[in-house]
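# Secondary and tertiary structure notes
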Amino acid sequence: MLPPPTVTVVVPTLAAGDTLADCLRSLENQTFANFDVIVVDNSGSGAVTHTPTQRMRVIANHRNVGFGAAVNQGYCSSSAPYLATLNDDAVASPHWLEALVRAAEARPSAGQRIGMFASEVRLAESGALDSAGMLIAADGSSKQRGHGESPARFSLEHDALFPSGSAAMYRRNMLEEIGLFDESYFLYCEDTDLGLRARWAGWECAYVPGAVVEHQYSHSAGRASSLKAYLVERNRIFTVLKNFPLRMWAGASIAAHLRYWWHAVWMLRGLGKAAEFRDQGNSAWKLPLYVARAHLAAFANFPRLWREHRRIRGSRRISIGEFRALLAQHSISVRKVAEL
């Protein structure tokens, strides 16, 4: 019998194809041995055919419950002190878990309160960096820090705002304190919401170079699909209403409209997500409709979001000034968000 795992790795999957097989194979080759794997099958058809082992379990859902809900299921099925998340289109290097756990054990939760650990996520196609932690814009949009740059520029361990959920590790006692992923997000930005809630509660994030993962960017949901365009915008607004102080709401709205303008500029130049959306056969004129739908959804959910806003503020351990300083320290311009 295996000892109780130190880390539970949760891998949500929808397609359950060759990419998932590559992902699970990379976990079998980890140098760190004391972990287990929970694959959450969101296909609704039992698409995961891998034979469960002592180390791997499968949770099969009757429908796609979304990324956050899938990770939460894995958390509730585990008692490990650390929870790692890994996209099914990501391949972990053999030392991935070893590097994350070494960083976590070197920084006990008492004192520093480091509860989040960001991986060195690389783009599988080019080897360039996908993320070294995350950045946030004035309108609540989040983007990968160092995206497209050389990994050598991010070779030192240091503070990050929060990790990308594509390959991250979290302390269980932090999640017990702040709560799990917000399942209403369904897809996208749930790692931003969780990271900001953790920051309000005084938890910190360490970027761990050497915890390398290769990621096939947006393989499962498409790079610039209609669903992604809507959900990213809706969840951005959810995040602002939940996590931004009231005095920042007006600025976030102004910044969002500035980003819309830059999307139009970059699209005309053939750059950014708006151009990618158009180039994949979608009508660019639909983008304002998705923005309008996102705002309507936020309005409909406002009572719940306001309750969450008040709950987060009621349990905060840092001041509004400290929170704003954190966002400024790890900021990205809306112009850059639209360009990437």
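Everything that follows concerns the structure shown earlier in this document.
What comes next concerns the included structure. (Residues numbered from 1 in each chain as written. Predicted model: local features only at pLDDT ≥ 70, side-chain atom pairs only at ≥ 80, totals over all residues. Heavy atoms only, no water.)

### A closer look at the pattern of salt bridges
One pass over the structure, following the stated rule, counts 19 salt bridges. Residues aspartate 182 and lysine 242 are paired through a salt bridge, measuring 2.9 Å at the closest nitrogen-oxygen approach. With aspartate 182 in the loop between α4 (172-178) and α5 (190-200) and lysine 242 in helix α6 (residues 226-243), this residue pair connects regions lying 60 residues apart in the sequence. A single burial state applies to aspartate 182 and to lysine 242, both of which are buried. Between lysine 242 and aspartate 193 there is a salt bridge; the shortest N-O distance is 3.1 Å. Highlighted residues: lysine 242 in helix α6 and aspartate 193 in helix α5, separated in sequence by 49 residues. For the pair shown, lysine 242 and aspartate 193 are each scored as buried. Salt bridges sharing common partners tie together Asp182, Asp193, Arg197, Lys242 and Arg304. (Salt bridge = Lys/Arg side-chain N within 4 Å of Asp/Glu carboxyl O. Helix = DSSP H or I, 4+ residues; strand = E, 2+ residues; numbered from the N terminus. Buried < 20%, exposed > 50% of the residue type's maximum accessible area, 1.4 Å probe, protein only.)

### Description of helix α10 (residues 302-314)
In an α-helix, one full turn covers 3.6 residues, which means residues spaced three or four apart are oriented alike. Here α10 spans 18 Å end to end across 13 residues, near enough to the 18 Å set by a 1.5 Å rise per residue. Those residues of α10 that sit buried are Leu305, His309, Ile312 and Arg313. Seen end-on, α10 carries its buried residues on one side only, within an arc spanning 95°. Of the residues in α10, the exposed ones pointing more than 90 degrees away from the buried face are Arg307, Arg310 and Gly314. The elements touched by buried residues of α10 are α5, α6, α7 (249-268) and α9 (287-300). (Expected span 1.5 Å × (residues − 1). Arc of directions from axis to C-beta. Contact = heavy atoms within 4.5 Å.)

### Section: helix α11 (residues 320-329)
Three or more residues of α11 are buried, namely Phe323, Leu326 and Leu327. Seen along its axis, α11 keeps its buried residues to an arc of 95°; they face one direction. Seen from the open side of α11, the exposed residues pointing more than 90 degrees away from its buried face are Ala328 and Gln329. Elements that come into contact with the buried residues of α11 comprise β8 (134-136), α5 and α6.

### A look at the nonpolar core
Counting residues in each nonpolar core, the largest one holds 58 residues, and the members touching the most others are Tyr170, Met174, Phe244 and Leu327. Looking at which element gives the most residues to this core, the answer is α6, with six residues. Beyond its immediate chain neighbours, meaning those up to four positions away, phenylalanine 244 contacts Ile136, Ala137, Ala138, Gly140, Leu196, Thr239, Trp249, Ala252, His309, Arg313 and Leu327. Counting residues in each nonpolar core, the second largest holds 34 residues, with Val48, Leu97, Ala167 and Val213 among its members. (Core = buried A, V, L, I, M, F, W, Y, C linked by side-chain atoms within 4.5 Å.)

### Points about the packing of aromatic side chains
In the structure shown here, the tally under the stated rule is ten aromatic pairs. Centre to centre, the rings of tryptophan 261 and tryptophan 262 are 4.8 Å apart; their planes meet at 80°, and the pair counts as edge-to-face. Judged by relative accessible area, tryptophan 262 falls into the buried class, the value being 14%. The rings of Phe67, Tyr170 and Phe181 are connected pair by pair, giving a single aromatic cluster. The ring of phenylalanine 35 carries arginine 55 above its face, with NZ or CZ at 4.3 Å from the centroid. One cation-aromatic arrangement involves arginine 113 over tryptophan 203; the distance from NZ or CZ to the ring centre is 4.1 Å. (Phe/Tyr/Trp six-rings, centres within 6.5 Å; stacked < 30°, edge-to-face > 60°. Lys NZ or Arg CZ within 6 Å of the ring centre and 35° of its normal.)

### What to know about the pairing of strand β2 (residues 35-41)
Judged by how many residues are buried, β2 sits mostly within the fold: seven of seven residues are covered. Note: strand β1 (residues 7-13) against β2, seven bridges, orientation parallel. Residue pairing across strands places valine 7 opposite phenylalanine 35, the latter belonging to β2. Bridge count between β2 and strand β3 (residues 56-60): five bridges; the pairing is parallel. The partner of valine 39 across the bridge, within β3, is valine 58. (Pairing = 2+ DSSP bridges.)

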